[in-house]
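The primary structure of each chain is shown beneath.
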Amino acid sequence: MKKSYAVIGLGRFGGSICKELSREGKEVLALDSDEDKVNEFKEIASDAVIADATDEAALKELGFRNIDHVIVAIGDNIHASILTTLILKELGIKRLTVKAQNDYHEKVLNKIGADEIVHPERDMGKRIAHSIISSNVLDYLELSDEYSVVEIKAGEKMAERTLQDLDIRAKYGCNVVAIKRGKEINVSPMATEEIEFNDILIVIGADKDISRFEKDLVIDDE
Ligand code: ATP
(Lines give C-alpha, C1' and ligand atoms only; values in the text may rest on other atoms or scores of the structure.)
Protein backbone atom coordinates (compact mmCIF):
# COMPACT_ATOMS: atom_id res chain seq x y z
CA MET A 1 0.00 0.00 0.00
CA LYS A 2 1.12 3.56 -0.72
CA LYS A 3 2.77 5.22 2.24
CA SER A 4 0.89 8.21 3.60
CA TYR A 5 2.27 11.37 5.14
CA ALA A 6 0.90 14.31 7.10
CA VAL A 7 2.57 17.66 7.67
CA ILE A 8 1.35 19.68 10.65
CA GLY A 9 2.30 23.36 10.51
CA LEU A 10 2.67 24.90 7.08
CA GLY A 11 5.28 27.58 7.81
CA ARG A 12 8.40 27.85 5.65
CA PHE A 13 9.82 24.54 6.92
CA GLY A 14 6.66 22.41 7.02
CA GLY A 15 5.47 24.05 3.82
CA SER A 16 8.58 23.12 1.90
CA ILE A 17 8.45 19.51 3.16
CA CYS A 18 4.83 19.34 2.06
CA LYS A 19 5.62 20.76 -1.38
CA GLU A 20 8.54 18.42 -1.95
CA LEU A 21 6.67 15.28 -0.85
CA SER A 22 3.75 16.24 -3.10
CA ARG A 23 6.12 16.94 -6.00
CA GLU A 24 7.50 13.42 -5.52
CA GLY A 25 3.97 12.08 -5.93
CA LYS A 26 3.42 11.16 -2.27
CA GLU A 27 0.06 11.24 -0.57
CA VAL A 28 0.22 14.15 1.89
CA LEU A 29 -2.31 15.55 4.30
CA ALA A 30 -1.47 19.19 5.08
CA LEU A 31 -2.79 20.64 8.32
CA ASP A 32 -2.61 24.08 9.89
CA SER A 33 -4.79 26.13 12.22
CA ASP A 34 -4.41 29.11 9.89
CA GLU A 35 -6.96 29.21 7.09
CA ASP A 36 -4.77 31.23 4.70
CA LYS A 37 -1.93 28.70 5.02
CA VAL A 38 -4.30 25.82 4.37
CA ASN A 39 -5.75 27.54 1.28
CA GLU A 40 -2.22 27.93 -0.06
CA PHE A 41 -1.80 24.13 0.04
CA LYS A 42 -5.21 23.10 -1.30
CA GLU A 43 -3.86 22.65 -4.82
CA ILE A 44 -0.52 21.21 -3.72
CA ALA A 45 -1.23 18.49 -1.15
CA SER A 46 -3.60 15.53 -1.54
CA ASP A 47 -5.72 17.09 1.19
CA ALA A 48 -5.42 20.31 3.21
CA VAL A 49 -7.38 20.89 6.39
CA ILE A 50 -7.82 23.59 8.99
CA ALA A 51 -7.52 22.14 12.49
CA ASP A 52 -5.87 22.67 15.83
CA ALA A 53 -3.32 19.88 16.13
CA THR A 54 -3.62 19.92 19.93
CA ASP A 55 -7.22 18.78 19.57
CA GLU A 56 -7.04 15.00 19.97
CA ALA A 57 -10.61 14.41 18.81
CA ALA A 58 -9.96 16.38 15.60
CA LEU A 59 -6.85 14.33 14.78
CA LYS A 60 -8.75 11.10 15.40
CA GLU A 61 -11.59 12.23 13.20
CA LEU A 62 -9.15 13.10 10.42
CA GLY A 63 -7.91 9.51 10.49
CA PHE A 64 -4.40 10.28 11.71
CA ARG A 65 -4.18 6.74 13.10
CA ASN A 66 -3.75 5.43 9.57
CA ILE A 67 -1.01 7.83 8.55
CA ASP A 68 2.42 6.24 8.30
CA HIS A 69 4.67 9.24 8.87
CA VAL A 70 3.76 12.55 10.48
CA ILE A 71 5.97 15.64 10.40
CA VAL A 72 5.27 18.17 13.15
CA ALA A 73 6.57 21.53 11.96
CA ILE A 74 4.96 23.83 14.49
CA GLY A 75 7.60 26.41 15.31
CA ASP A 76 7.20 29.14 17.85
CA ASN A 77 4.46 27.53 19.90
CA ILE A 78 6.59 24.94 21.72
CA HIS A 79 3.71 23.99 23.98
CA ALA A 80 1.52 23.12 20.96
CA SER A 81 4.38 21.19 19.35
CA ILE A 82 4.91 19.05 22.48
CA LEU A 83 1.22 18.43 23.03
CA THR A 84 0.69 17.48 19.38
CA THR A 85 3.64 15.07 19.54
CA LEU A 86 2.22 13.45 22.69
CA ILE A 87 -1.20 13.00 21.12
CA LEU A 88 0.28 11.52 17.94
CA LYS A 89 2.46 9.18 19.99
CA GLU A 90 -0.63 7.98 21.86
CA LEU A 91 -2.44 7.45 18.58
CA GLY A 92 0.36 5.03 17.70
CA ILE A 93 1.79 6.83 14.66
CA LYS A 94 4.56 4.64 13.21
CA ARG A 95 7.01 7.41 12.50
CA LEU A 96 7.11 10.92 13.91
CA THR A 97 9.52 13.64 12.80
CA VAL A 98 9.38 16.82 14.86
CA LYS A 99 11.03 20.20 14.39
CA ALA A 100 12.69 21.47 17.57
CA GLN A 101 13.00 25.15 18.29
CA ASN A 102 15.77 24.93 20.90
CA ASP A 103 17.76 22.40 22.95
CA TYR A 104 15.19 22.18 25.78
CA HIS A 105 12.44 21.56 23.27
CA GLU A 106 14.60 18.82 21.73
CA LYS A 107 15.14 17.17 25.16
CA VAL A 108 11.42 17.04 25.84
CA LEU A 109 10.68 15.67 22.38
CA ASN A 110 13.26 12.95 22.98
CA LYS A 111 11.67 12.01 26.30
CA ILE A 112 8.19 11.69 24.84
CA GLY A 113 9.42 9.46 22.04
CA ALA A 114 9.66 11.50 18.83
CA ASP A 115 11.46 9.22 16.34
CA GLU A 116 13.40 11.98 14.60
CA ILE A 117 14.06 15.47 15.85
CA VAL A 118 15.25 18.07 13.41
CA HIS A 119 16.77 21.42 14.19
CA PRO A 120 16.99 23.03 10.74
CA GLU A 121 18.07 26.54 11.76
CA ARG A 122 20.81 25.31 14.10
CA ASP A 123 22.11 22.68 11.66
CA MET A 124 22.10 25.02 8.69
CA GLY A 125 23.82 27.67 10.84
CA LYS A 126 26.61 25.21 11.68
CA ARG A 127 27.04 24.19 8.06
CA ILE A 128 27.20 27.76 6.87
CA ALA A 129 29.63 28.75 9.65
CA HIS A 130 32.03 26.02 8.50
CA SER A 131 31.83 27.12 4.88
CA ILE A 132 32.37 30.73 5.97
CA ILE A 133 35.52 29.77 7.88
CA SER A 134 36.88 28.12 4.77
CA SER A 135 35.55 28.08 1.24
CA ASN A 136 37.14 24.62 0.98
CA VAL A 137 34.55 23.18 3.40
CA LEU A 138 31.72 22.31 1.03
CA ASP A 139 29.36 20.62 3.45
CA TYR A 140 29.12 19.71 7.10
CA LEU A 141 26.74 17.08 8.36
CA GLU A 142 26.23 16.40 12.03
CA LEU A 143 25.98 12.68 12.89
CA SER A 144 25.55 13.13 16.64
CA ASP A 145 26.43 15.70 19.30
CA GLU A 146 30.09 14.81 18.89
CA TYR A 147 30.60 13.34 15.42
CA SER A 148 30.26 14.81 11.95
CA VAL A 149 31.00 14.20 8.30
CA VAL A 150 32.63 16.97 6.28
CA GLU A 151 33.08 17.39 2.58
CA ILE A 152 36.32 19.18 1.88
CA LYS A 153 37.97 20.45 -1.28
CA ALA A 154 41.68 19.68 -1.31
CA GLY A 155 43.70 22.87 -1.47
CA GLU A 156 47.43 23.49 -1.72
CA LYS A 157 48.12 21.98 1.69
CA MET A 158 46.90 18.54 0.66
CA ALA A 159 47.49 18.42 -3.07
CA GLU A 160 50.07 15.96 -4.36
CA ARG A 161 50.42 14.29 -1.00
CA THR A 162 49.30 10.78 -0.06
CA LEU A 163 46.94 9.95 2.80
CA GLN A 164 49.85 8.12 4.41
CA ASP A 165 52.03 11.16 4.13
CA LEU A 166 49.37 13.43 5.60
CA ASP A 167 48.80 10.83 8.35
CA ILE A 168 45.24 12.06 8.88
CA ARG A 169 44.05 9.06 10.87
CA ALA A 170 46.94 8.97 13.35
CA LYS A 171 47.40 12.73 13.67
CA TYR A 172 43.77 13.82 13.78
CA GLY A 173 41.76 10.65 14.48
CA CYS A 174 39.68 11.35 11.35
CA ASN A 175 38.99 8.94 8.50
CA VAL A 176 38.91 9.83 4.83
CA VAL A 177 36.08 7.55 3.71
CA ALA A 178 35.92 8.61 0.08
CA ILE A 179 37.63 10.81 -2.49
CA LYS A 180 35.65 12.35 -5.35
CA ARG A 181 37.56 13.32 -8.47
CA GLY A 182 35.25 14.72 -11.12
CA LYS A 183 32.58 12.06 -11.62
CA GLU A 184 34.68 9.27 -10.09
CA ILE A 185 34.26 8.32 -6.46
CA ASN A 186 36.91 6.25 -4.74
CA VAL A 187 35.31 4.65 -1.69
CA SER A 188 37.78 3.55 1.03
CA PRO A 189 40.89 5.01 -0.59
CA MET A 190 44.23 3.32 0.05
CA ALA A 191 46.84 5.00 2.22
CA THR A 192 49.05 5.33 -0.84
CA GLU A 193 46.40 7.32 -2.73
CA GLU A 194 47.75 10.66 -3.85
CA ILE A 195 45.40 13.60 -3.47
CA GLU A 196 45.04 15.99 -6.37
CA PHE A 197 44.28 19.70 -6.17
CA ASN A 198 40.46 20.18 -6.07
CA ASP A 199 39.74 16.53 -5.13
CA ILE A 200 36.83 16.35 -2.75
CA LEU A 201 37.42 14.40 0.44
CA ILE A 202 34.66 12.98 2.61
CA VAL A 203 35.99 12.93 6.15
CA ILE A 204 34.36 11.48 9.24
CA GLY A 205 35.42 12.11 12.82
CA ALA A 206 34.81 13.69 16.20
CA ASP A 207 34.08 17.43 15.94
CA LYS A 208 37.15 18.37 17.98
CA ASP A 209 39.37 16.25 15.71
CA ILE A 210 37.78 17.61 12.54
CA SER A 211 38.45 21.14 13.84
CA ARG A 212 42.18 20.37 14.25
CA PHE A 213 42.28 18.76 10.83
CA GLU A 214 40.56 21.76 9.23
CA LYS A 215 42.89 24.20 10.99
CA ASP A 216 46.05 22.42 9.84
CA LEU A 217 45.12 21.19 6.39
CA VAL A 218 42.03 22.95 5.10
CA ILE A 219 41.85 26.56 6.16
CA ASP A 220 44.14 28.84 4.22
CA ASP A 221 46.37 30.87 6.49
CA GLU A 222 44.62 33.99 7.77
P1 ATP B 1 8.97 28.49 9.75
O2 ATP B 1 10.29 28.98 10.26
O3 ATP B 1 8.98 27.08 9.27
O4 ATP B 1 8.28 29.42 8.80
P5 ATP B 1 8.12 28.89 12.37
O6 ATP B 1 9.21 28.09 13.04
O7 ATP B 1 8.17 30.38 12.46
O8 ATP B 1 7.97 28.43 10.91
P9 ATP B 1 5.42 29.04 13.11
O10 ATP B 1 5.14 30.02 12.02
O11 ATP B 1 5.37 29.44 14.51
O12 ATP B 1 6.79 28.33 12.90
O13 ATP B 1 4.48 27.76 12.93
C14 ATP B 1 4.42 27.04 11.75
C15 ATP B 1 2.96 26.82 11.41
O16 ATP B 1 2.34 26.05 12.43
C17 ATP B 1 2.15 28.11 11.29
O18 ATP B 1 1.59 28.18 9.99
C19 ATP B 1 1.09 27.98 12.37
O20 ATP B 1 -0.18 28.47 11.94
C21 ATP B 1 1.02 26.47 12.59
N22 ATP B 1 0.53 26.12 13.93
C23 ATP B 1 0.91 26.64 15.11
N24 ATP B 1 0.22 26.06 16.12
C25 ATP B 1 -0.63 25.15 15.55
C26 ATP B 1 -1.59 24.24 16.05
N27 ATP B 1 -1.85 24.14 17.36
N28 ATP B 1 -2.27 23.49 15.16
C29 ATP B 1 -2.04 23.57 13.85
N30 ATP B 1 -1.13 24.39 13.31
C31 ATP B 1 -0.44 25.19 14.13
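Residues numbered from 1 in each chain as written. Predicted model: local features only at pLDDT ≥ 70, side-chain atom pairs only at ≥ 80, totals over all residues. Heavy atoms only, no water.

**Student:** Would you mind going over unusual backbone geometry with me for this structure?
**Tutor:** Note: most peptide bonds trans; most residues except glycine with negative phi. The phi angle at Glu160 is positive, at roughly 60°, despite the residue not being glycine. As for its placement among the helices and strands, Glu160 is situated in the loop between β8 (147–153) and α7 (163–166). For Asp167, which is not a glycine, the phi torsion comes out positive at approximately 55°. With respect to the element layout, Asp167 can be found in the loop between α7 and α8 (168–172). (Helix = DSSP H or I, 4+ residues; strand = E, 2+ residues; numbered from the N terminus.)

**Student:** Honestly, the site of the ligand in this entry has me stumped. Any pointers?
**Tutor:** Around the ligand, a shell composed of 20 residues is seen, among which Arg12, Phe13, Asp32, Asp52 and Lys99 lie nearest. Between an oxygen atom of the ligand and a side-chain N or O atom of Lys37, the distance comes to 3.2 Å. Within the backbone of Asp76, an N or O atom sits 3.0 Å from an oxygen atom of the ligand. A per-class count over the shell around the ligand returns eight nonpolar, five polar and seven charged. (Near = heavy atom within 4 Å. Polar contact = N/O pair within 3.5 Å; in protein donor to acceptor, adjacent residues only side chain to side chain. Nonpolar A, V, L, I, M, F, W, Y, C, P; charged D, E, K, R; others polar.)

**Student:** Got a minute to help me understand the UniProt feature "domain: RCK C-terminal" (unreviewed entry) in the chain in this structure?
**Tutor:** The positions UniProt marks with the feature "domain: RCK C-terminal" (unreviewed entry) are residues 135–219. Annotated as residues 135–219, this span is 25% helix and 36% strand, and its ends, taken at the C-alpha atoms, are 8 Å apart. (UniProt positions renumbered as here; feature names shortened; annotations may be inferred.)

**Student:** Hey, could you run me through the sheet that holds strand β11 (residues 200–206) in this one?
**Tutor:** Across a sheet, paired strands are connected by hydrogen bonds in the backbone, their directions being either parallel or antiparallel. The strand order across the open sheet built from five strands is β7-β8-β11-β9-β10, with neighbouring strands paired in antiparallel fashion. Taken across any chain shown, the strands that pair with only one partner, and hence form the sheet edges, are β7 (137–142) and β10 (184–187). Strand-to-strand, the axes of this sheet are offset by a mean angle of 15°, without reference to chain direction. Of the strand pairs in this sheet, strand β9 (residues 175–181) and β10 are connected by four bridges, and their pairing is antiparallel. Paired with Ala178 across the strands is Val187, a residue of β10. Contacting β7, β8 and β11, helix α9 (residues 207–218) crosses the sheet at an angle of about 140° to β11. (Pairing = 2+ DSSP bridges. Axes fitted to C-alpha atoms, helices over the stretch in contact; angles between N-to-C directions. Contact = heavy atoms within 4.5 Å.)

**Student:** In this structure, what is going on with the UniProt feature "domain: RCK N-terminal" (unreviewed entry) in the chain? I would like to understand it.
**Tutor:** Mapped onto the present numbering, the UniProt feature "domain: RCK N-terminal" (unreviewed entry) falls on residues 2–119. Between the end C-alpha atoms of residues 2–119 there is a gap of 28 Å, over a span that is 40% helix and 23% strand.

**Student:** What is the right way to look at α9 in this model?
**Tutor:** Structurally, the α-helix is built with 3.6 residues per turn, so residues lying three or four positions apart point the same way. Those residues of α9 that sit buried are Asp207, Asp209, Ile210, Phe213, Glu214, Leu217 and Val218. Buried residues in α9, looked at end-on, bunch into an arc of 150°, giving them a common side. Opposite the packed face of α9, turned more than 90 degrees from it, sit the exposed residues Lys208 and Lys215. The elements touched by buried residues of α9 are α6 (120–133), β7, β8, α7, α8 and β11. (Buried < 20%, exposed > 50% of the residue type's maximum accessible area, 1.4 Å probe, protein only. Arc of directions from axis to C-beta.)

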